[in-house]
Amino acid sequence: NVSSALAHIPLRFGERVRYHFYRGTLTHVGRDVSFKQGSFANYRDASIGDRVLIGYGTNLGHVEIGDDVQFGGFTIVTSGMRQHLFTDPDQPIRKQHGVRDLVRIGDDVWIGTHAVVGADVGSRCVVGAGSVVVKPVDDRTVVAGNPARPLKALAGEDEGGGAEG
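Residues numbered from 1 in each chain as written. Predicted model: local features only at pLDDT ≥ 70, side-chain atom pairs only at ≥ 80, totals over all residues. Heavy atoms only, no water.

## Considering the sheet that holds strand β16 (residues 149-153)
Reasoning step 1: Pairing within the open sheet is mixed, and its seven strands lie in the order β2-β5-β8-β11-β13-β15-β16. Each edge of the open sheet is held by one strand with a lone partner, namely β2 (34-35) and β16. (Pairing = 2+ DSSP bridges. Helix = DSSP H or I, 4+ residues; strand = E, 2+ residues; numbered from the N terminus.)

Here is the structure:
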């Protein structure tokens with residue numbers, strides 16, 4: 001409840017308040033992490049690396065985030081793809097409990113606005129705006145769509161660097 005209340009404090013002041021609150025409550029929050037207005041973390045066991053931008057209205061579930069990651073606004077990182085199960089036909093869906101899985105997001109990742117991430121995303125990846133990630137994304141991959149599909153590979157450091165392959 002506190003994190004939901006803190007999410008609404010505006011401007012740079014709100015970002016600093018959220019940063020210090022999450023540094024004291026989450027498993028790990030690195031240096032130079034910005035929690036934009038409306039963003040919040042659902043679980044204390046979340047881990048966030050250095051130089052991470054968490055966009056406006058972003059919701060973080062059970063997640064481990066690497067360094068140099070940028071989230072566009074209104075992104076959701078679920079706690080895996082098994083949070084809500086409905087496998088027992090004799091039980092109401094609301095009574096069927098799911099499993100909370102850790103979603104890992106590697107280093108140097110850009111996740112576009114309104115994306116939903118329910119599976120691991122490797123390092124040096126781009127997830128297009130509005131994409132829904134339901135299967136793991138390999139390192140150095142650009143994905144987009146619903147469900148997210150690979151569009152292209154990004155060049156590695158040994159291949160001349162640059163943003164595109």
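## Here we look at the side chain of Thr 141
Reasoning step 1: As for its placement among the helices and strands, Thr 141 is situated in strand β15 (residues 141-144).
Reasoning step 2: The exposure class assigned to Thr 141 is buried, which follows from its relative accessible area of 11%.
Reasoning step 3: One polar contact links the side chain of Thr 141 to the main-chain carbonyl oxygen of Asp 139, over a distance of 3.1 Å.
Reasoning step 4: Discounting residues that sit within four places of it in the chain, Thr 141 has contacts with Arg 124, Cys 125, Val 126, Pro 150 and Lys 152. (Buried < 20%, exposed > 50% of the residue type's maximum accessible area, 1.4 Å probe, protein only. Polar contact = N/O pair within 3.5 Å; in protein donor to acceptor, adjacent residues only side chain to side chain. Contact = heavy atoms within 4.5 Å.)

## What about the pattern of salt bridges?
A pair can form between side chains of opposite charge whenever their charged atoms are brought close.
Reasoning step 1: With the rule as written, the count across this model stands at seven salt bridges.
Reasoning step 2: Here Asp 108 ties to Arg 124 by a salt bridge, and the two come within 2.9 Å at their closest N and O atoms. On the criterion of sequence distance, the pair formed by Asp 108 in the loop between β10 (103-105) and β11 (109-111) and Arg 124 in the loop between β12 (116-117) and β13 (126-127) is long-range, its members being 16 residues apart.
Reasoning step 3: Taken together, the shared-partner salt bridges connect Arg 12, Glu 15 and Lys 36 into one network. (Salt bridge = Lys/Arg side-chain N within 4 Å of Asp/Glu carboxyl O.)

## A closer look at unusual backbone geometry
Reasoning step 1: Going from Asn 146 to Pro 147, the amide bond is cis rather than trans, its omega being 0 degrees.
Reasoning step 2: Looking at the secondary structure, you find Pro 147 in the loop between β15 and β16.
Reasoning step 3: In this model, Arg 140 sits at a positive phi of 55 degrees, which is unusual for a non-glycine residue.
Reasoning step 4: Position of Arg 140 among the secondary structure elements: in the loop between β14 (132-133) and β15.
Reasoning step 5: For Arg 140, a relative accessible area of 33% puts it in the partly exposed group.

## Some remarks on the packing of aromatic side chains
Reasoning step 1: Under the counting rule described, the total for this entry stands at two aromatic pairs.
Reasoning step 2: Centroid distance Phe 21 to Tyr 22: 5.2 Å. Interplanar angle 65 degrees. Geometry classified as edge-to-face.
Reasoning step 3: Note on Phe 21: relative accessible area 25%, which makes it partly exposed.
Reasoning step 4: An aromatic cluster is present here, built from Phe 21, Tyr 22 and Phe 35 joined pairwise through their rings.
Reasoning step 5: Over the face of the ring belonging to Tyr 43 we find Arg 100, whose NZ or CZ atom lies 4.2 Å from the ring centre. (Phe/Tyr/Trp six-rings, centres within 6.5 Å; stacked < 30°, edge-to-face > 60°. Lys NZ or Arg CZ within 6 Å of the ring centre and 35° of its normal.)

## Brief notes about the sheet that holds β10
Reasoning step 1: Reading across the sheet, the four strands line up as β1-β4-β7-β10 and stay open at both edges, with parallel pairing between neighbours. The sheet is open, and its two edges are formed by β1 (28-29) and β10, each paired on a single side.
Reasoning step 2: As paired elements, strand β7 (residues 63-65) and β10 share three bridges and run parallel to each other. Note that in β10 the partner of Val 63 across the bridge is Val 103.

## What about the environment of Ile 54?
Reasoning step 1: With respect to the helices and strands, the residue Ile 54 is situated in strand β5 (residues 53-54).
Reasoning step 2: Sequence separation between Ile 54 and Ser 34 is 20 residues, and the spatial gap between their C-alpha atoms is 5.9 Å.
Reasoning step 3: Setting aside its immediate chain neighbours within four residues, Ile 54 contacts Val 33, Ser 34, Phe 35, Lys 36, Ser 39, Ile 48, Leu 60 and Phe 71.

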